[in-house]
Amino acid sequence: MQPVSVKTRIALSVSVLILVRYLASTIVVLSLFQNQIKDIIGRQQFDFLSEVVRGTDKNLQEAQRNLIQAAAHLDTTTIRKSGAAHAFLSEATHGHLMLSNIFDNGTSLFSATGVMLASLPYHEREGQDFSFREYIKRTIEIKKPYFSKPYFSTRPGTPPAVMLTVPIFDRQGRLAAILGGSVTLTNEGILGDIGTVKIGKTGYMYLFSTDRTLLVHPNKQRILKQDVPPGANELFDRAIAGFEGSGETVSSKGLPLIASFKRLKTTDWILSANYPRVEAYASVIQARKYLVMFIMAGIIISLFVVWMVMNRFLTPLSELTRQIEGIGQAAQTDAAPDITVTGTGEITQLALSFREMVKRLAELESQLREAEARYRTLTERSFAGVYVVQDGLFQYLNDNAAAFAGYTPQELVGQEATDLLHPEDAGKAKTLSKAMMAGVSTAPYEFRIKTKEGGTRWIMETVAPIVFNGWTEILGNSLDITERKVMEEARREREERFRTILENMEGGYFELDLTGRLTIFNKTVTHFLGYDGDEAQGMEFGNIVAPQEKRRGRVCGSHHLADPGRPGESRRVPGGRPGRR
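What you see is a predicted model, and the numbers here were worked out from it, not measured in a lab.

How each quantity is defined
Residues numbered from 1 in each chain as written. Predicted model: local features only at pLDDT ≥ 70, side-chain atom pairs only at ≥ 80, totals over all residues. Heavy atoms only, no water. Helix = DSSP H or I, 4+ residues; strand = E, 2+ residues; numbered from the N terminus. Contact = heavy atoms within 4.5 Å. Areas by Shrake-Rupley, 256 points an atom, 1.4 Å probe, with all protein chains shown as cover. Pairing = 2+ DSSP bridges. Axes fitted to C-alpha atoms, helices over the stretch in contact; angles between N-to-C directions. Buried < 20%, exposed > 50% of the residue type's maximum accessible area, 1.4 Å probe, protein only. Core = buried A, V, L, I, M, F, W, Y, C linked by side-chain atoms within 4.5 Å. Phe/Tyr/Trp six-rings, centres within 6.5 Å; stacked < 30°, edge-to-face > 60°. Lys NZ or Arg CZ within 6 Å of the ring centre and 35° of its normal. Expected span 1.5 Å × (residues − 1). Arc of directions from axis to C-beta. 1 Å grid on protein atoms, 1.4 Å probe; cavity = no way out; pocket = protein on both sides within 12 Å on 5 of 7 lines; lining within 4 Å. Points joined across faces, edges and corners; volume = space filled by probe spheres on them. Salt bridge = Lys/Arg side-chain N within 4 Å of Asp/Glu carboxyl O.

Caption draft 1: Here's a closer look at the overall build of the protein chain. When you go through the protein chain residue by residue, the secondary structure sums to 15 helices and 18 strands. For the protein chain, the proportion of contacts with a sequence separation of at least 24, taken over those separated by at least 6, is 49%. Carbon together with sulfur atoms contributes 56% to the accessible area of the protein chain, which is approximately 34200 Å² in total.

This is the structure we're talking about:
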């Protein structure tokens, strides 16, 4: 594969730098632009939602006031008379209060126990007991106007609705009747209009309660369903917990949204507005496309301009590169290759400096090859064993180092160095080598190794840290001292035999050095003298004979020295150990 030229790399690098700068600037600008749009949309959407909530609260409160005003006109004493309940509802519904314009699902009058007394529009359930309904139970319980939870009517084909109820009391303050007005959740009216509001092209509004029940929604199939599970819509969950405001979220159907939430004051219901993010950020997406096109055009132009400039200024560098490649492909010689320098400027100065460096490198290479040859000669012809260990493995051995164990260097390279150690000496050898590597000890140490044939050899070695192939390793120098160890053992055995014979002799035996001091003697001599071995060792012979016998003792001592083992007589000096003569 043809390598990429310096000119092309510089052109690409500059273009990438420009691209990164453009991208960074674009990302920052678009991010700020998008955040600003999100804030503006969120504020405006929340303000609009707040107005809708205020209007809805006002309508519900107005409906409740009208219902309370209508209830005030009911004569509780005639409520059970025939036609009285219908007459009351007819006047309240079509009279000056016009409840029919507010309660699109009708109005009803119930007894204090929940029996329907009258209903407009009329239907056949009059006289039935509705005490099972939640709004009847709560009104009887709290004895105050009440907004019911949404419910489905028992009449087939009727839409879901909510009931506003007002308790009616007699003169004694006892509950006499309950007036109710029903509002549908799907038809246009106080609540149904919410589901028809559009936010932008595809945005919408919906109403739900704190128990996650959808009350009003553009999709009427979802009304009175709890189909937004916890965790499916983060802001939906936060709104139930008390959050009011706007933010980004994802609907339970997976649609990214800018959503706003506002709670109604009259009930525990929450109104929400959803604006799809793809529509909200359409201008940002369009701007992003234009910016990408602009960046691509800028990159193409910058590539062309930079390449032309680099082609003009980097031609001498290309020529220098070609010559350097030729040097790398040429055969290795001691002579420094020649580099032709043309032109002026920094690149020419670089070429001159490089030519001088090549000359110095050629000289250093020659010196290095000579030093390597000397080192190899020293190691290969040395009578000592030389080896290198890295990470516990042999990396190099000369012939002697391998031959000590009966191997060739090729057999041991790559093998564990500790495998050659005699089991009884392995721990000692490792400890001593670590001490020498750390500089704690400098004295050579001795240990045994196992040979290839299963025998044992004694080795004396020193180790030192070196740098080998760029890594810190262990350089070892070793000698085979097996013959010396054998001779030392033979000498020790001879001395032991001599000492055994000497100690078992019945007669006294001693030897003097040239100064007349005792050097070797047996127990018979120490017993005769009355001294122990440590006291007698090195004692002058003249101090242990009587003065009149000193001359003779010296003659005998000299004779013993010349002819060890010949018995001689002497008298011990007076004043020696008591009890001995």
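Caption draft 2: Up close: the sheet that holds strand β4 (residues 161–169). Pairing is antiparallel in the open sheet, where five strands are placed in the order β2-β1-β5-β4-β3. Looking at the sheet topology across the chains shown, the edges are occupied by β2 (116–120) and β3 (146–147). Pairing between β4 and strand β5 (residues 175–184): nine bridges, direction antiparallel. Looking at the pairing, L164 lines up with G181 of β5. Relative to β2, helix α2 (residues 84–94) is tilted by about 35°, and along the sheet it contacts β1 (107–111), β2 and β5.

Caption draft 3: Quick look at the pairing of β5. With respect to burial, β5 is a largely interior element, nine of its ten residues being buried. Looking at chain direction, β1 and β5 are connected through five bridges and run antiparallel. Bridging across to β5, F110 finds its partner in I178.

Caption draft 4: Molecular detail of unusual backbone geometry. Between L120 and the following residue, P121, the backbone shows a cis peptide bond with an omega angle of -5°. Examined against the element boundaries, P121 turns out to sit in the loop between β2 and α3 (134–142). Of note in the backbone geometry, L224 takes a positive phi value of approximately 65° without being a glycine. Along the chain, L224 falls in the loop between β8 (214–216) and α4 (234–241). Judged by its relative accessible area of 19%, L224 falls in the buried class.

Caption draft 5: Spotlight on the nonpolar core. In terms of nonpolar packing, the biggest core is built from 52 residues, with L109, L179, L191, L207 and L271 touching the most fellow members. Put simply, the parts of the chain that give this core at least two residues each are α1 (6–72), α2, β2, β4, β5, β7 (203–209), β8 and β11 (269–276). Element by element, the count of residues in this core is highest for α1, at eleven residues. In this structure L271 touches L49, V52, V53, I194, M205, Y206, L207, S260, F261, K262 and L264, once residues within four positions along its chain are discounted. Residues V389, L397, F404 and M436 belong to the second largest nonpolar core, which totals 20 residues.

Caption draft 6: Region of the structure containing the packing of aromatic side chains. Enumeration over the complete set of coordinates arrives at ten aromatic pairs. With centroids separated by 5.7 Å and ring planes inclined at 85°, the aromatic side chains of Y387 and F394 adopt a geometry described as edge-to-face. In textbook terms, an aromatic cluster arises when at least three aromatic residues are bridged by ring pairs, as seen for F110, F130, F132, Y135 and Y151. Directly above the aromatic system of F243 lies the positively charged group of R238, at a separation of 4.4 Å from the ring centroid. Stacked on the ring of W458, the Lys or Arg K485 has its end atom at 4.5 Å from the ring centre.

Caption draft 7: How the structure looks around helix α11 (residues 426–437). If you check α11, its first and last C-alpha atoms are 16 Å apart, about what twelve residues at 1.5 Å a residue would give, namely 16 Å. For α11, the set of buried residues is A426, A429, S433 and M436. Across the axial projection of α11, the buried residues extend over an arc of 100°, all falling on one side. What points out from α11, more than 90 degrees from its buried face, is the exposed set T431 and K434. Note on α11: the residue one or two positions beyond its end, G439, has a positive phi of about 85°.

Caption draft 8: A look at empty space enclosed by the protein. Taken as a whole and assessed by the stated rule, the structure comprises two cavities of 30 Å³ or more. Looking at the largest cavity, its volume works out to about 160 Å³. In this structure, the largest cavity is lined by 18 residues; those nearest its centre are S108, R125, Y151, R155 and M163. Residue assignment for the lining of the largest cavity shows that the elements contributing at least two residues are β1 and β2. In terms of residues, the lining of the largest cavity owes the most to one element, β2, which gives three residues.

Caption draft 9: Up close: the pattern of salt bridges. Counting across every chain of the model gives 18 salt bridges. Salt-bridge contacts for D170 lead to R174; the nearest nitrogen and oxygen are separated by 3.2 Å. Assessed through its relative accessible area of 18%, D170 is described here as buried. When its relative accessible area of 51% is taken as the criterion, R174 is described as exposed. Linking K262 and E244 is a salt bridge whose minimum nitrogen-to-oxygen distance equals 3.4 Å. Taken together, the residues K262 in strand β10 (residues 256–263) and E244 in the loop between α4 and β9 (245–250) connect sequence positions 18 residues apart. Put simply, E446, R484, K485 and E488 are held in one network by salt bridges that share partners.

Caption draft 10: The arrangement of the environment of R125 in detail. Along the chain, R125 turns up in the loop between β2 and α3. Spatially, the C-alpha atoms of R125 and T154 are 9.6 Å apart, while their sequence positions differ by 29 residues. In contact with R125, not counting residues within four places along its chain, are M116, F130, S153, T154 and R155.

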